[in-house]
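# Structural overview
Spelled out, the chains give:
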Amino acid sequence: MALLDGKFAIVTGAASPRGLGRATARMFAAHGATVAILDLDRAAAEEAAHELGANHVGLACNVTDKAACEAAIAELTGRWGRIDVLVNNAGITQPLRIMDVAPANYDAVLDVNLRGTLYMTQAALPGMRDSGAGSIVNISSVSAQRGGGIFGGPHYSAAKAGILGLTKAVAREVAPDGIRVNAICPGFIATDITAGKLTDAQKAQVLAGIPLGRAGAADDVAGCALFLASDLSAYCTGTELDVNGGSHIH
């Protein structure tokens, strides 16, 4: 069954070959959606869209630039007529301890993760309100729930916790417009962000804390994004969906 047949979806930060966004874009396309991949690197975004097949779109977009977000939404709305799904996946992390977080570190991590989620959401909402429907999926992190402890620094945990608060507040505000807003909290997932960054001892320590006994795969997160994007989750809004192998049960 094609869960997103005829839907138009945007996934930000989706050009990285082994990232969560790319896996989500692939799964959405496999379920019938027409997908726009937004990334800082236009060529990489276009290549990723081309890999999905005909009609998919790759655009350059700096999510920390409000005008750029609005321009991307305007271009896609002009092309498609409407936007049904927005996945706010663009994010960065930095493995710093609290006293090592400099102003530039704070600005970079909070801007891409939290401000970018805000700006893209603001850009997409007017069209979704006009349609009377829409699903927004925000990527948070288990770090927001348990206070870090895997890879990102305290400023990363703060940014991802901010995404949870933003998700719930926006969900409450736009529910009367027929728009759902939910968050996903991935645990330790094997992606380009974590590849080669952990020592064998660190990786063993992380895996020892996961009841399912393995690192997550990008498709594990993509499947949950598909659920939240589709009508299977029609009565879910303001939720945070844990995808962590049991490493944080609460």
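Residues numbered from 1 in each chain as written. Predicted model: local features only at pLDDT ≥ 70, side-chain atom pairs only at ≥ 80, totals over all residues. Heavy atoms only, no water.

### So, the pairing of strand 1 (residues 8-12)
In terms of burial, strand 1 is largely enclosed, as five of its five residues are buried. Side chains of strand 1 alternate between two faces, with Phe8, Ile10 and Thr12 and Ala9 and Val11 buried alike. Bridge count for strand 1 against strand 2 (residues 34-39) is five bridges, and the pairing is parallel. From the neighbouring strand, Val11 faces strand 2, where its bridge partner is Ile37. In the classification by handedness, the crossover that spans strand 1, the intervening helix 1 (residues 20-30) and the parallel strand 2 is right-handed. Of the pairings in the sheet, the one linking strand 1 to strand 4 (residues 85-88) comprises three bridges and is parallel in character. In the strand pairing of strand 4, Val11 is matched with Val87. (Buried < 20%, exposed > 50% of the residue type's maximum accessible area, 1.4 Å probe, protein only. Helix = DSSP H or I, 4+ residues; strand = E, 2+ residues; numbered from the N terminus. Pairing = 2+ DSSP bridges. Right-handed = clockwise from strand over helix to strand, strands pointing away.)

### Quick word on the packing of helix 1 against helix 2 (residues 42-52)
Describing two packed helices takes the angle between their axes plus the distance from one axis to the other. Look at helix 1 against helix 2: their axes get within 10 Å of each other, and the N-to-C directions meet at 30 degrees. Accordingly, the angle class assigned to the pair helix 1 and helix 2 is roughly parallel. The two elements helix 1 and helix 2 cross, and the hand of that crossing is right-handed. On helix 2, the residues touching Arg22, Ala25, Arg26 and Ala29 of helix 1 are Ala48, Glu51 and Leu52. (Axes fitted to C-alpha atoms, helices over the stretch in contact; angles between N-to-C directions. Parallel < 35°, antiparallel > 145°, perpendicular 65-115°, else oblique. Left-handed = near helix turned anticlockwise from the far one by under 90°. Contact = heavy atoms within 4.5 Å.)

### Focus on the side chain of Thr117
Within the secondary structure, Thr117 sits in helix 4 (residues 103-131). Here Thr117 falls in the buried class, since its relative accessible area comes to 2%. If sequence neighbours within four positions are ignored, Thr117 has contacts with Asn88, Val112, Asn138, Ile163 and Leu166.

### Quick word on the sheet that holds strand 5 (residues 134-139)
With parallel pairing, seven strands are arranged side by side in an open sheet as 3-2-1-4-5-6-7. Every other strand in the sheet has two partners, leaving strand 3 (57-60) and strand 7 (240-243) as the edge strands with one partner each. With strand direction ignored, the average angle separating the axes of adjacent strands in the sheet is 20 degrees. As judged from the four bridges shared by strand 2 and strand 3, these two strands associate in the parallel manner. Opposite Ile37, over in strand 3, you have Gly58 as the bridge partner. Most of the contacts of helix 6 (residues 154-174) go to strand 6 (residues 179-186), to which it runs at about 160 degrees, and overall it touches strand 5, strand 6 and strand 7.

### A look at helix 8 (residues 218-229)
With 12 residues, helix 8 should reach 16 Å at 1.5 Å per residue; the first-to-last C-alpha distance of 16 Å fits that figure. Residues of helix 8 that are buried include every one of Ala218, Val221, Ala222, Cys224, Ala225, Leu226, Leu228 and Ala229, and no others. Summarising the contacts, the buried residues of helix 8 are in contact with helix 1, strand 4, strand 5, strand 6 and strand 7. (Expected span 1.5 Å × (residues − 1).)

### A look at the pairing of strand 5
With respect to burial, strand 5 is a largely interior element, six of its six residues being buried. The two faces of strand 5 match: Gly134, Ile136 and Asn138 on one face and Ser135, Val137 and Ile139 on the other face are all buried. Where strand 4 lies against strand 5, four bridges are found, and the strand directions are parallel. Bridge pairing links Asn88 to Asn138 in strand 5. Following the chain from strand 4 across helix 4 to the adjacent parallel strand 5, one finds a crossover that is right-handed.

### Examining the nonpolar core
Residues Val11, Phe28, Val35, Ile37, Val87 and Ile184 are the most contacted members of the largest nonpolar core, which totals 31 residues. Those elements giving two or more residues to this core turn out to be strand 1, helix 1, strand 2, helix 2, strand 4, strand 5, helix 8 and strand 7. Ranked by the residues each element gives to this core, the list is headed by helix 8, at eight residues. Filtering out sequence-adjacent residues up to four positions away, Val11 remains in contact with Gly21, Thr24, Ala25, Phe28, Val35, Ala36, Ile37, Leu38, Val87 and Asn89. (Core = buried A, V, L, I, M, F, W, Y, C linked by side-chain atoms within 4.5 Å.)

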